[in-house]
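Spelled out, the chains give:
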Amino acid sequence: MVLNMGPQHPSTHGVLRVVLKLDGETVMDLDCDIGYLHRGMEKIAENRMYTQIAPYWDRLDYIAAVSNGLVWVETVEQMMGLAVPPRAHYLRTILTELNRIASHLLWLATHALDIGAVTVLLWALREREEILKIFERQFGARLTCHAWRVGGMPNDAYDDFNKDVRQFINNFPKRLDEYETVLSENRIWLSRTVGIGMISAEDAIAIGLSGPALRGSGVAWDVRKSRPYAAYADMDFDIPLGENGDTYDRYLVRLEEMRQSRRIIDQALEKLPDGPVNAKLPKVVKPPAGDYYHSIEGPKGEIGCYLVSDGTAQPWRVRVRPPSFINLQALRQMCVGHLVADVVAIIGTLDIVLGEIDR
Amino acid sequence: MLLFAPIDILNNLLLKVFSQETITFFIWPLIQIGLIVTLVALWVAYATYLERKISAFMQARLGPMRVGPWGLLQPIADGLKLLTKEDFIPENADRWIFFFAPYIAVASAFIVFSVIPFGPDWAVIADVNIGLLLVLAVSSVGVLALILAGWSSNSKYALLGGLRSSAQMVSYEVAMGLSLIGALMFARTLSLSGIVAAQGSDSIWYLVYQPAGFLIFLISGIAENNRAPFDLPEAESELVAGFHTEYSGMRWSLFFMAEYAAMVVVAAVATTVYLGGWYFPFVYRLETSGHHNLFVIISVLVFLVKASIILYIYFWLRWTLPRFRYDQLMDIGWKWLIPSALINIVLSGFAIFLVQALNGWRGITTIESLNRGLNLTATGKGIMIVIGVLGLFATAALLARINWRSRDFNLRVQRRNIRLVNVPQGKPAVQPQPGS
Amino acid sequence: MPLVKTPKPTFAQKLKRFFMIDLIKGLGLTLKYNLGALIDKDPVAGKGIYTEQYPKVRPDVAPRFHGAPRLNMDPETHDTLCIACNLCAIACPEDCIDVIPMDVEIIVAGKPRRKKVLDEFIFDTSRCMFCALCQEACPTSCLELTQDFELATYSRAGFVWNREMLEQGRETVKYTS
């Protein structure tokens, strides 16, 4: 039987269409149909100036917009050879890690909702609300922030920034423990997530997975460690690695990543230097002709930007390396052999966002 | 008391028109039915309101607040909204069955209330001496409504959803019926009022004698009502919304009401059989001191409070636990609950045999009387409680032995297998500036 | 489905599994939240209610919030601060600003000169993505994004704001209980 989990579905995390070939309740084959959210962002970028493209990047992974903006501005800065002041680096680190926590909280909320624990949704969204308030006070917008500018940040940290962030990270471990109380040892949660959606380390590397999906299978790859950007070179943190590559391991990896993010924010707040937050820019931002690839560790995986410039004020080609698009390729391998109810859990564990997949 | 004089006045008024027989067997039951249907309908409607409020408080939010003070008029607003919706029937649906399925569901849920003892004397409509059998039988008719709804919707997904729901309900009905037999052995009667009287005269709740039975009954009751954590067939993140996909407006709300009424039925039966029903020892003194009508009214309140505690457990479980997958659900019903219900029957029978055998042996009296159910002395109760608790462990051990191959059973060992590594740092993309 | 290797459970773990400790812990936490919603007053660090009852309660919006645009005027002379430099229209990625200048005659040092002033300012809020590039580009702090977020109208045309709407701002409906 062919079953269509259509583009409008409460659990496909966006407009994703999955065509399942079923034998009874077991999934035999799976095909994804994407493109429902294609907005032509890369083509639009060919006709805009470099500073004008930054807001479009927020709309890619709209849940974690701050890190998207970071890829773009860092690519342009590195191509131009701009030196960003250290205070901006540290503030970027703090806010990007807050952004990672916000994205993982939303992942936890929707994943728990799909599996049935609705209360965790509301609790995680409450924590995320605190982060979004910090973003609103700092950047002026909650979700699609347009956080960074080429050369640094538009405004320095607002007056109560330290106090608000400190308050958040003081409350946060207790909340994480609450989510763990309800979920991590719950036998129903274990029955629904252990052994579901397994992918081995070799397959994960072969497909090109990145982010928690890769680390859940035991591969130690994190762009923050292997090619540090912003202020990560000065930060002391660990990478959680899973063992079996199943949904439960990815769940534990993401929870632990939230704890490590909290650790990074703590250190960065301590070490925050003074100084300006933006560098002096030329009148028109024009990177030299050539191409450049830069990637960062976004919450969903390695998000990268391949920029081809022809020396003019508008880029020649902007190519996004979308982590969710590449992670989605693993869906077929993860789902075949499982039951239909598991497909929903597996889509949740891959943590895809259609804005990134379709651009 | 003056407060209840109207009952006698009304009786006298009616005597002018009808004969006493008509009044006793026709008019008063009609009034009782009217009262109980109103009470249950209000209870069901406000159970939806309470569910929204309780779930909201558990989730650190407020729930309905706008309609009426504290949102109290929300069920009425919902009802009005549903009445004004378009009455939509799918294209090639079977019209008459589509119409009748919700009515069958609601009827089967409400008919059960005719035998449930809300209180002593006049607070039960019909004290049939096979009351418990009637409850089980009539609530099974609800499954028919599900199948008819799924079939008549002319939709592949509604049909599959309806079949899955009904398969789940039928599986758990077996466990439900079997678990009640354990308590019946103590009550020695199927009449629900008799069961309450048995608990009253023994001054004990059968929950104490039958912890396993209560647990099995409650779990199968929750699964019977398609409530979380057993609600996969109708969960929103599943592919279908179950059998009621194609229903909208008032027809859908009838299914909704039937679901909540079935919840209330299970709660009421659980209170009656395991929690002592309307009996409360301090309230009983009102009866002996002659305030009969007041006694009845307060007993009804006691019953409502106890049933509400079980309803709270329903809401609590729904909003905390994730849901089982369908195969895990059926697994639990057939491989865990039915064997434990059977083991429970065997153990209870053995326990009663033991107690009766010990009675009079070497001067131990275990049985006090056999008038209303099995009344035990303190010794007898002690023995029964010990066997009840040991029975729990024995059941668990036996089930572990039976289900040793079950995959999920083996997975429930809690472990954290995340390790934290600190890999060596690579070269940064941009060399950090001096002084940073 | 491939099996996941698990270690054999110890007796303590078996006992915990029998008594359903894992489920009871989760249930205990929700019960605490339920009671906390009734007695706890602290929603951020505690278990209190986190709801903000909008529209009865106006939310506190941050000062930097990118909301509805506004053209500021000089507080004393009530002239517009806009110098019709068109920088905001150039900065906008979405082309939603249209600055229409006009020339007026002024006398500078006794000689008649032509000065460019603002005639009409069209801002299409339906195309705007509230990125604040225009606010940053404006040299006189005339164009500012305010804290007004209630921008809904009943027609498409209502989204296109002209100079007068931008200067006066919009009335927001205040709901009382």
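Residues numbered from 1 in each chain as written. Chains lettered and ligands numbered in written order. Predicted model: local features only at pLDDT ≥ 70, side-chain atom pairs only at ≥ 80, totals over all residues.

Some thoughts on the nonpolar core
Note the following rule: Note on terminology: a nonpolar core is any set of buried Ala, Val, Leu, Ile, Met, Phe, Trp, Tyr and Cys residues joined through C-beta atoms within 7 Å. Burial in this document is a count-based property: other C-beta atoms within 10 Å of a residue's C-beta are tallied, and the residue is buried at 20 or more, exposed at 12 or fewer, or partly exposed in between, with C-beta positions derived from the backbone. Think of it this way: any DSSP run of H or I at least four residues long counts as a helix, any run of E at least two long counts as a strand, and we number them from the N terminus. Each domain's extent was defined by an automatic or database domain assignment.
By size, the foremost hydrophobic cluster in this structure holds 247 residues, and its most contacted members are Val120(A), Ala261(B), Val264(B) and Ala270(B). Of the residues forming this core, the biggest block, 17 residues, is contributed by helix α10 (residues 249-274) of chain B. When we break this core down by domain, the ones giving at least three residues each are domain 1 (9-51) and domain 2 (69-168) of chain C.

A short note on the interface of chain A and chain B
Put simply, the rule reads: Placing C-beta atoms from the backbone, we regard two residues as in contact once those atoms come within 7 Å. Each residue is assigned to one class: nonpolar for Ala, Val, Leu, Ile, Met, Phe, Trp, Tyr, Cys and Pro, charged for Asp, Glu, Lys and Arg, and polar for all the others, Gly among them. At least two bridges found by DSSP between two strands is the condition for calling them paired.
Each partner contributes to the interface: chain A provides 51 residues, whereas chain B provides 43 residues. Those elements giving two or more residues to the side of chain A that touches chain B turn out to be β1 (2-5), α4 (86-115), α5 (118-139), α7 (187-193), α10 (223-226), β4 (239-241), α11 (247-270) and α14 (340-350) of chain A. Of the residues assigned to the side of chain A that touches chain B, the class counts are 29 nonpolar, eleven polar and eleven charged. Examined bridge by bridge, β4(A) and strand β3 (residues 419-421) of chain B share three bridges and lie antiparallel to one another. From the neighbouring strand, Leu241(A) faces β3(B), where its bridge partner is Arg419(B).

Quick look at the sheet that holds strand β5 (residues 160-161) of chain C
All names here are of chain C. The strand order across the open sheet formed by three strands is β2-β3-β5, and the pairing between neighbours is antiparallel. With one partner strand each, in any of the chains shown, β2 (97-108) and β5 form the two edges of the open sheet. Bridging between strand β3 (residues 111-124) and β5 involves two bridges; their strand directions are antiparallel. Bridge pairing in β5 places Asp 124 opposite Val 160.

What about helix α7 (residues 192-202) of chain B?
With eight of its eleven residues buried, α7(B) lies for the most part within the structure. Those residues of α7(B) that sit buried are Leu192(B), Ser193(B), Ile195(B), Val196(B), Ala197(B), Ala198(B), Gln199(B) and Asp202(B).

A short note on the sheet that holds strand β5 (residues 290-297) of chain A
All names here are of chain A. The line we're drawing: Note on geometry: axes are lines fitted to C-alpha atoms, helical ones only across the stretch in contact, with angles between N-to-C directions running from 0 to 180 degrees.
Here three strands make up an open sheet; going across it, the order is β5-β6-β7 and the pairing antiparallel. Either end of the sheet is taken by a strand with one partner, and the two such strands are β5 and β7 (317-321). Averaged over all pairs of adjacent strands, the angle between their axes in this sheet comes to 15 degrees, without regard to strand direction. Relative to β7, strand β6 (residues 302-309) runs antiparallel, the two sharing five bridges. The residue of β7 that forms the bridge with Tyr 306 is Arg 319. Its contacts with the sheet place helix α3 (residues 65-80) against β5 and β6, and it is angled at close to 145 degrees to β5.

Let's talk about the domain arrangement of chain C
With domains assigned, chain C is organised as domain 1 (9-51) and domain 2 (69-168). Computed over C-alpha atoms only, the centres of domain 1 of chain C and domain 2 of chain C are separated by 55 Å.

Structural notes on the pairing of β6(A)
Residue and element names in this part refer to chain A. Note: β5 against β6, eight bridges, orientation antiparallel. From the neighbouring strand, Tyr 292 faces β6, where its bridge partner is Leu 307. Hairpin connection of β5 to β6: four residues between the antiparallel strands, including Gly 301 at a positive phi of 150 degrees.

Looking at the packing of α10(B) against helix α12 (residues 292-320) of chain B
All names here are of chain B. For clarity, the threshold we go by: Between 65 and 115 degrees an angle is taken as roughly perpendicular, under 35 as roughly parallel, over 145 as roughly antiparallel, and anywhere else as oblique. Here a crossing is taken to be left-handed if its near helix is turned anticlockwise relative to the far helix by less than a right angle, and right-handed if that turn runs clockwise.
Two elements in contact, α10 and α12, have axes separated by 9 Å at closest approach and are oriented at 120 degrees. Considering the angle they form, α10 stands oblique to α12. The crossing of α10 and α12 is right-handed. Across the interface between the two elements, Met 263, Val 264, Ala 267, Ala 268, Ala 270 and Thr 271 of α10 pack against Phe 303, Lys 306, Ala 307, Ile 310, Leu 311 and Tyr 314 of α12.

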